[in-house]
Amino acid sequence: MITPEEFPYLRQLVINDCYAHQNLTVPVSGEGEPFKHLILTGKNGSGKTTVLRGLLEVIHYNIKHRQGVAGQIRTVTAWIKSGQYEASRVAGWEDEIKNLTRVSPSFRKANGGAFAEFNSFSDQFIIAFFEAHRKVQVKDVTTITREDDLTQQLAQNQSGQSGAELFKQYLVNKKVFQVFDVMEGKEASAQQDAQFFTDLEGVLARTFEDPDATLEFVREEFEFYIRLSDGRRITFNQLSAGFSAFLSILTELLMRTDLLRKQAKDYAYNPCGFVLIDEPETHLHLTMQYEILPLLTKLFPNLQFIVATHSPAVASSIKGATVFDLSTGEVLGDVAAGSSYSGLMLTHFGVRDEFSEVGDRIRDEIRRITRLPDPVQARQQLQTLLEAEGRYMSADLRLEVEAQLIGLE
């Protein structure tokens, strides 16, 4: 299996054309540095989703074709220039080139050697893309399935559909095979499956912020229930939109990781790969927005996460990440992890300041009043403002007005 030292993580991304921007270089990590995650910010319409899709298309093409994107572009360009083909075929090739050159990624060279195209080790790493809207309906289970069939279904889902809908089937298979292993005296395999469920319960406990959360299997129903300490007993299809959106990511990565560990015959193995997430904060409370990337990067330490977000909580949640604003071209490295939400909102999310629109109007009015030449008139107007708008003022803003009043006495 490919190791983190050998894996060609994304090092730089050149955006050639994503509608809003052209010829924009996104540095991810320096030569010789450990890989970093990439967090893309920017206003709506700045091209975040387009960049993710463009990168996914290049990686998928390199997986499926030995010659890779660069070789294909050279070949197709030569065909177009030859003038030997009909216009409709040429137009199709031109569209293909446009799609494959929307972004130009540069990948880390393993151990200083030449970069090998992904085709040569495509079955050894994870590539997953999660859409912004991803509430998942987990499929019901009526029987166990062959593991190779389930693996094939997961592989087919790499192009866009969520593999999380197969999670219950995966758990049922695992639970049944665990029993068979015990009956057949395969203690090591049974213990590995038991550890999987123990680890899963730990993840659920952290996700629900409930240390006593457990996973209960009802074999008569082929159903799994999440049992919480407050007495609730819920299935994966009864989760709120926020938990469903998060678990759609988590469950698919858990399945893919487990399958690669089996392939490697090493249950401590942490696979390499790329995980692209559009708006990981979807439907999540602010606290969970801050938790999602730290949890994922801890569980899957060798996966490179490339995300597009509107949330300063997500952008500042992990170390070892490059934050790039597509609207301004500004880059933040490790300092992003130590930045305040308000600071990031100003620098990377296009907000004028940290105050609400109502707060801004009140502050503008305070500034207008304090510039009045007549201190008596200024004091009267400030007092009127405090009486009329005081209930909308934060403690800091009210204190500012009161200080101004004292200064005008």
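Here is what the cut-offs are and how they apply
- Residues numbered from 1 in each chain as written.
- Predicted model: local features only at pLDDT ≥ 70, side-chain atom pairs only at ≥ 80, totals over all residues.
- Heavy atoms only, no water.
- Salt bridge = Lys/Arg side-chain N within 4 Å of Asp/Glu carboxyl O.
- Phe/Tyr/Trp six-rings, centres within 6.5 Å; stacked < 30°, edge-to-face > 60°.
- Helix = DSSP H or I, 4+ residues; strand = E, 2+ residues; numbered from the N terminus.
- Buried < 20%, exposed > 50% of the residue type's maximum accessible area, 1.4 Å probe, protein only.
- Pairing = 2+ DSSP bridges.
- Axes fitted to C-alpha atoms, helices over the stretch in contact; angles between N-to-C directions.
- Contact = heavy atoms within 4.5 Å.
- Expected span 1.5 Å × (residues − 1).
- Arc of directions from axis to C-beta.

Participant: Is there a simple way to explain the pattern of salt bridges in this structure?
Facilitator: Working definition: two side chains of opposite charge can pair if their charged atoms are close together. The tally for this structure, following the rule as stated, stands at 18 salt bridges. Overlapping salt bridges, with partners in common, bring together Asp-140, Lys-168 and Glu-223 in one network.

Participant: Would you mind showing me how to read the packing of aromatic side chains here?
Facilitator: The geometry of an aromatic ring pair comes down to the distance between the two centres and the angle between the two planes. Taken as a whole and judged by the stated rule, the model has 23 aromatic pairs. An angle of 55° between the planes, with centres 5.3 Å apart, marks the rings of Phe-7 and Phe-125 as tilted. Of this pair, Phe-7 sits in the segment before strand S1 (10-15) while Phe-125 sits in the loop between strand S4 (103-107) and strand S5 (126-130), placing them 118 residues apart in sequence. Looking at Phe-7, the relative accessible area reads 0%, which means it is buried. The class for Phe-125 is buried, based on a relative accessible area of 4%. Plain terms: the ring middles of Phe-196 and Phe-197 are 5.6 Å apart, the flat faces sit at 90° to each other, and that makes the pair edge-to-face. Each member of the pair Phe-196 and Phe-197 is classed as buried. Ring pairs connect the aromatic residues Phe-7, Tyr-9, Phe-35, Phe-107, Phe-118, Phe-121, Phe-125 and Phe-274, which therefore count as one cluster.

Participant: Would you explain the sheet that holds S4 in this entry?
Facilitator: Paired through backbone hydrogen bonds, the strands of a sheet run either parallel or antiparallel to each other. Here three strands make up an open sheet; going across it, the order is S2-S1-S4 and the pairing antiparallel. Each end of this open sheet is capped by a strand with a single partner; those strands are strand S2 (24-27) and S4. For this sheet, the mean inter-axis angle between neighbouring strands, taken without regard to orientation, is 15°. Taken together, the four bridges between S1 and S2 define a ladder with antiparallel strand orientation. When the bridges of S2 are listed, Ile-15 appears paired with Leu-24. Contacting S1 and S4, helix H1 (residues 48-64) runs over the sheet at an angle of about 60° to S4.

Participant: Teacher, can you tell me more about unusual backbone geometry here?
Facilitator: For residues other than glycine, phi is negative in most cases, and the peptide bonds are mostly trans. Not every positive phi belongs to a glycine, and Glu-209 is a case in point at roughly 50°. Considering the arrangement of structural elements, one finds Glu-209 in the loop between helix H6 (187-207) and strand S6 (214-218). Positioned with a positive phi, Glu-279 is a non-glycine residue whose angle comes to about 55°. Looking at the element boundaries, Glu-279 is found in the loop between strand S9 (273-278) and helix H8 (286-299).

Participant: Can you walk me through helix H3 (residues 87-100) in this structure?
Facilitator: An α-helix turns once per 3.6 residues; consequently, residues spaced three or four apart project the same way. With 14 residues, H3 ought to run about 20 Å at 1.5 Å a step, and its terminal C-alpha atoms sit 20 Å apart, in line with that. Within H3 the residues assigned to the buried category are Val-90, Trp-93, Ile-97 and Leu-100. Seen end-on, H3 carries its buried residues on one side only, within an arc spanning 90°. Those residues of H3 that are exposed and angled more than 90 degrees off the buried face are Ala-87 and Ser-88.

Participant: Just to check I follow, could you spell out the pairing of strand S10 (residues 303-308) for this structure?
Facilitator: On a regular strand, each side chain points to the face opposite its neighbour's, so the side chains alternate between the two faces of the sheet. Of all six residues making up S10, six are buried, and the element is well covered by its neighbours. Across the two faces of S10 the burial is the same, with Leu-303, Phe-305 and Val-307 and Gln-304, Ile-306 and Ala-308 all buried. One ladder, built from three bridges, connects strand S3 (residues 37-41) with S10; its direction is parallel. Bridging from a neighbouring strand, Leu-38 pairs with Ile-306 of S10. Of the strand pairs in this sheet, S9 and S10 are connected by six bridges, and their pairing is parallel. For Phe-274, the partnering residue across the bridge sits in S10 and is Gln-304.

Participant: Could you clarify how one ought to interpret the sheet that holds strand S7 (residues 223-227) in this entry?
Facilitator: With antiparallel pairing, three strands are arranged side by side in an open sheet as S6-S7-S8. Strand pairing shows two members of the sheet lacking a second neighbour, S6 and strand S8 (233-234), which therefore form its edges. Relative to S8, S7 runs antiparallel, the two sharing two bridges. Each bridged residue has a counterpart across the sheet, and for Ile-226 the counterpart in S8 is Ile-234. The sheet strands contacting helix H5 (residues 167-183) are S6 and S7, and the helix crosses S7 at an angle near 100°. Relative to the sheet, H6 contacts S6 and S7, its axis offset from that of S6 by approximately 125°.

By themselves, these figures tell us nothing about what the structure is for.
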